[in-house]
Amino acid sequence: MNAFDWLSHMGIPQVDTFDIVEIKFKGGRKEYYRNVDYLSLTTGDPVVVDVPSGHHIGYVSLQGELVRLQMQKRKIRNDDAILRIYRIATSKDLEKWEEARNRELPTLYRCRQIVDELGLKMKMSDVEYQADNSKATFYYSADERVDFRELIKILAGEFKIRVEMRQISLRQEAGRLGGIGVCGRELCCSTWLVDFKNVSTSAARYQNLSLNPSKLSGQCGRLKCCLNYELDTYMDAIKDIPSVEKPLQTEQGIAKLQKTDIFRRLMWFSYNNDNDWHSISCDRVNEIQEINATGQKVFNLQFNESSEIEDLAAQSTRELELLDKKFDRKKKKKKPRNKNRNTNQASSPNAPAKESNFPPRQAKNRENEQKATPAANPENRKRRNKSRRKPNPPQGNSPKTQGQAAPNQAKPTGSQKPPQEGKRKFPPRRNQGPNKNSGNE
């Protein structure tokens, strides 16, 4: 990832242009070279640069006045130790460099096999060939000092090349390999981070983070570098937070600190290790600590004395009374509804006394129902209940029922003939006489 040149579009005099250019190599490694021939370079151009044992190819990543600022930041002197840029890389230079890069992966696998055979406690992470195919740099990481003199002899004799061993830290190894962090972005050590500062567990404590190694460690196995980014802001905010070394003494019980919100300046306490937490401000904590220092106790975390609670309750009741009076006035101002409606109330002498409790409209509907249905009459109700209690006569010619007529069966008169067996007699239709065909059969 290249740095953004925010000075490129500003009106800087071209006469005093800085002649040193930042060149990027494999694995994010950056070096500074002098543009002696004043070549017109742009960001991303491949150039051939001078190295102590030949030449190498890199890409332009930064130039101009920002390079001067970067050199001051990294404390690099502008002297004769800075090497020069030869030329812009041609197609032949790039083809030769591509052939050298194709040898890196097989060389790395073979080197790891040799390390296992020799039993050396080191981890080979990367191999980089020069563009002129005359030198190979082996990058490794180890916890202890390793004697690799025998390894260099074997590698130089097998690959017919000059070997250089360079030890790197675990963070530098992660920066060379690259990857994606838990934040979803590319690793800082492989993009823009140059100086690796020490990260301690106290940085996580100041930020109230859980001391979980799996969450606080990065891909390199060490603590994440981003823990130092906001550490200064937390240190400034902690200055005004009171230190609670012992529980607060209250009449409700001892109050122990459970949680602190640094930026909102709130602290949560619980009585006698209870699950209910009570939040108070940092100023209130200082006030309680001063009272406890004199040997006295406060009533609870919110109030010093119980009278303050009573005053607060009395004030709340007064507010409720004012609200009640306010709403009572609104109800009195409302006009009553006109309940005298023009309704024709009809009363029947046979209606029971209970119907007087109904409204006039409901009483009228109830009288109409009684007239329409004769079952509403109490005499008809008694008859209907008696008929329900009597069992239905059994069907068939049993000896007990022979010669006896059914109680509900009407006796035939002289003008009517009993119905014949095998034919059904339908009742007469409404507003009509009996069936004409019933008597002629």
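Refer to the structure above for everything that follows.
Residues numbered from 1 in each chain as written. Predicted model: local features only at pLDDT ≥ 70, side-chain atom pairs only at ≥ 80, totals over all residues. Heavy atoms only, no water.

J.: Quick question: what am I supposed to make of the overall build of the protein chain here?
T.: In terms of helices and strands, the protein chain carries 12 helices and 12 strands. Within the protein chain, buried positions represent 28% of all 441 residues. A separation of at least 24 residues holds for 54% of the contacts in the protein chain among residues at least 6 apart in sequence. Working note: accessible area of the protein chain is about 33,100 Å², and carbon and sulfur atoms make up 49% of it. (Helix = DSSP H or I, 4+ residues; strand = E, 2+ residues; numbered from the N terminus. Buried < 20%, exposed > 50% of the residue type's maximum accessible area, 1.4 Å probe, protein only. Contact = heavy atoms within 4.5 Å. Areas by Shrake-Rupley, 256 points an atom, 1.4 Å probe, with all protein chains shown as cover.)

J.: Help me understand the packing of helix H3 (residues 104-118) against helix H4 (residues 149-159) in this model?
T.: For any two helices packed against each other, the geometry comes down to the angle between their axes and how far apart the axes lie. Between H3 and H4, whose axes approach to 11 Å, the crossing angle comes to 140°. Judged on the interaxial angle alone, H4 and H3 are oblique. Note that H3 runs across H4; the crossing there is right-handed. Along the contact surface, H3 presents Thr107, Arg110, Cys111, Ile114, Val115 and Leu118, while H4 presents Glu150, Leu151, Ile154, Leu155, Glu158 and Phe159. (Axes fitted to C-alpha atoms, helices over the stretch in contact; angles between N-to-C directions. Parallel < 35°, antiparallel > 145°, perpendicular 65-115°, else oblique. Left-handed = near helix turned anticlockwise from the far one by under 90°.)

J.: Please explain the side chain of Thr137 as it appears in this structure.
T.: Assignment of secondary structure puts Thr137 in strand E7 (residues 135-141). According to the relative accessible area criterion, Thr137 is buried, its value standing at 10%. Discounting residues that sit within four places of it in the chain, Thr137 has contacts with Asp126, Val127, Glu128, Glu164 and Arg166.

J.: Looking at this model, I keep getting lost on the packing of aromatic side chains. Mind explaining?
T.: Given two aromatic rings, one states the distance between the centres and the angle between the planes to describe the pair. Per the stated rule, a full pass over the model turns up 5 aromatic pairs. Measuring from centroid to centroid gives 6.1 Å for Tyr59 and Trp97, while their planes differ by 50°, and the two rings are tilted. Residue Tyr59 is located in strand E4 (residues 54-63), and its partner Trp97 is located in helix H2 (residues 91-101); the two are separated by 38 residues in the primary sequence. Take Trp97: its relative accessible area is 10%, and that puts it in the buried class. For the pair Trp192 and Tyr229, a centre-to-centre distance of 6.1 Å together with 40° between the ring planes defines the contact as tilted. Taken as a pair, Trp192 in the loop between helix H5 (170-177) and helix H6 (202-206) and Tyr229 in the loop between helix H7 (213-216) and helix H8 (231-238) lie far apart in primary sequence, 37 residues in all. The ring of Tyr139 carries Arg176 above its face, with NZ or CZ at 3.8 Å from the centroid. (Phe/Tyr/Trp six-rings, centres within 6.5 Å; stacked < 30°, edge-to-face > 60°. Lys NZ or Arg CZ within 6 Å of the ring centre and 35° of its normal.)

J.: What should I look at first to understand the sheet that holds strand E12 (residues 278-281) in this one?
T.: Paired through their backbone hydrogen bonds, the strands of a sheet run either parallel or antiparallel. Strand order in this open sheet of 4 strands is E9-E10-E11-E12, and the pairing throughout is antiparallel. Edge positions in the open sheet fall to strand E9 (248-250) and E12, since each of these has one partner strand only. Strand-to-strand, the axes of this sheet are offset by a mean angle of 40°, without reference to chain direction. Examined bridge by bridge, strand E10 (residues 253-261) and strand E11 (residues 266-271) share 6 bridges and lie antiparallel to one another. When the sheet's bridge partners are listed, Lys259 is paired in E11 with Trp268. (Pairing = 2+ DSSP bridges.)

J.: Explanation requested: the pairing of E4 in the structure shown.
T.: Two faces, one strand: in a regular strand the side chains alternate between the faces of the sheet. Bridge analysis of strand E1 (residues 20-24) against E4 gives 4 bridges, and the strand direction is antiparallel. Each bridged residue has a counterpart across the sheet, and for Lys24 the counterpart in E4 is Tyr59. With 6 bridges connecting them, strand E3 (residues 46-51) and E4 associate as antiparallel partners. Pairing of Val49 across the sheet is with His56, part of E4.

J.: Got a minute to help me understand the pairing of strand E8 (residues 162-167) in this structure?
T.: Relative to E8, E7 runs parallel, the two being bridged by 6 bridges. Bridge pairing in E8 places Thr137 opposite Glu164. As a crossover connection, the stretch from E7 through H4 into E8 is right-handed. (Right-handed = clockwise from strand over helix to strand, strands pointing away.)

J.: Looking at this model, I keep getting lost on the nonpolar core. Mind explaining?
T.: The nonpolar side chains of soluble globular proteins are, as a tendency, buried together. With 21 residues, the main nonpolar core has Met122, Met124, Phe138, Leu151, Leu155 and Met165 as its most contacted residues. Put simply, the parts of the chain that give this core at least two residues each are H3, strand E6 (123-129), E7, H4 and E8. If one sorts the elements of this core by residue count, H3 sits on top with 4 residues. Tyr234, Ala255, Ile280 and Leu301 belong to the second-largest nonpolar core, a separate cluster that totals 16 residues. (Core = buried A, V, L, I, M, F, W, Y, C linked by side-chain atoms within 4.5 Å.)

J.: I keep staring at H5 and nothing clicks. Help me out?
T.: At 3.6 residues per turn, the α-helix brings residues three or four places apart onto the same side. Taken together, the buried positions of H5 are Arg171, Glu173, Ala174, Gly175 and Arg176. Looking at the buried positions of H5, the neighbouring elements they touch are E6 and E7. After H5 finishes, the residue Gly178 shows a positive phi value of roughly 80°.

J.: How should I be thinking about the pattern of salt bridges in this particular structure?
T.: Oppositely charged side chains can pair when the atoms bearing their charge come close. Counted by the stated rule, this structure contains 20 salt bridges. Ionic pairing is found between Arg68 and Glu65, a salt bridge with its closest N-O pair at 3.0 Å. With Arg68 and Glu65 both in helix H1 (residues 65-74), this residue pair falls 3 residues apart, about one helical turn. Taking relative accessible area as the criterion, Glu65 reaches 21% and is therefore assigned partly exposed. Of the charged contacts, one joins Arg176 and Glu128 as a salt bridge, the two residues approaching to 3.7 Å between their closest N and O atoms. Linking Arg176 in helix H5 with Glu128 in strand E6, this pair joins segments that are 48 residues apart in sequence. (Salt bridge = Lys/Arg side-chain N within 4 Å of Asp/Glu carboxyl O.)

J.: For this particular structure, what's the right way to read the sheet that holds E4?
T.: Taken together, 5 strands build an open sheet; the order of strands is E2-E1-E4-E3-E5 and the sheet is antiparallel. For this open sheet the edge positions go to strand E2 (30-34) and strand E5 (85-88), each flanked by a neighbour on one side alone. Direction aside, neighbouring strands of the sheet carry axes that sit 45° apart on average. Set on the sheet, H2 makes contact with E3, E4 and E5; between it and E4 the angle comes to about 110°.

Fair warning: the whole summary comes from geometry, so function is off the table for now.
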